[in-house]
Each structure stands twice: as structure tokens, then as C-alpha cells.
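Listed here are the chains, written in short residue letters.
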Amino acid sequence: MSYIPLPSLVDTSRGLPGMKEQKLIHEGLITESLPNGMFRVRLDNEDLILGYASGRIRRSFIRILPGDRVKIEVSRYDSTRGRIIYRLRNKDSND
């Protein structure tokens, strides 16, 4: 009688279960506001990417305007889009 391996219930080829992909965090400047909470962001390394406001930023009603500096989380797999996770404080404003 030969042994037939059963398929694994956990896909081990992509890493451990529950393991999230590593995101790259950059800082950038909002250059343009687009519809549906999307923004054009120029990163400090001069790349231009499309950013969207994270759920926490939307839930807290944090305003993001052109000229604001933000922290943005970019996937390793698609470096043209990112999630805005933090709005940095400006030195000259009172917010």
C-alpha cells in the first residue's frame, strides 16, 4: 500500500499563516487632491505615487490638503500606490 500525501490546509509557500507583508514607509508631500479621498504624493526620493487616506484618517476626520507632509505606506509589490497613514505637523501652523 502506497502513501498518498494529503494537501496541506495551510499554504506554506507564502510564509506562515497570519503573517502580513512588509510595507515600506516613506514621507512625502501632497501635490494634488483627487476625488474619493485620493491624492497625488511626491515622495522624498522624487517618485510620484497615488495615495489614499487610511480608514483611521477618515474615521478621525483628519483633513489632508495639498502642501501637507504625510507618511505613506507602500507595498513592495505595487510601488505606484500607497496608503496615507499619518499627517505630519507643519512647523508654521497651529494644528
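Computed from a predicted structure; not experimentally measured.

Right, let's talk about the pairing of strand β4 (residues 69-75) for a bit. The buried fraction of β4 is high, at five of seven residues. Inspection of the sheet shows strand β1 (residues 23-34) paired to β4 by seven bridges, in the antiparallel sense. If you follow His26 over to β4, its bridge partner there is Ile72. Here five bridges tie β4 to strand β5 (residues 81-87), and the two strands are oriented antiparallel to one another. Note on β5: the bridge partner recorded for Ile72 is Ile84. Taken together, β4 and the strand that follows it, β5, pair antiparallel across an intervening segment of five residues.

Another aspect to go through is the side chain of Ser54. With respect to the secondary-structure elements, Ser54 resides in the loop between β3 (48-53) and α1 (55-59). The class of Ser54 is buried, set by a relative accessible area of 7%. Those residues in contact with Ser54 that sit more than four places away from it in its chain are Arg83, Ile84 and Ile85.

Cut-offs used in this document
- Counting restarts for each chain, with residues numbered from 1 along the sequence as it is written.
- Reporting of local features is limited, given that this is a predicted model, to residues whose pLDDT is at least 70; pairs of side-chain atoms are given and counted only at 80 or more, and all residues count toward the totals for whole chains, interfaces and linings.
- Hydrogens are left out, water is left out, and the side-chain values use all remaining heavy atoms of the structure.
- Think of it in three bands: with a 1.4 Å probe and only protein chains considered, a residue is buried below 20% of the maximum accessible area for its type, exposed above 50%, and partly exposed in between.
- Per the convention used, a helix needs a DSSP run of H or I reaching at least four residues, while a strand needs a run of E reaching at least two, with both numbered from the N terminus.
- A pair of strands is labelled paired if DSSP reports no fewer than 2 bridges between them.
- Residue contacts are defined here by distance: any two heavy atoms, one from each residue, within 4.5 Å place the two residues in contact.

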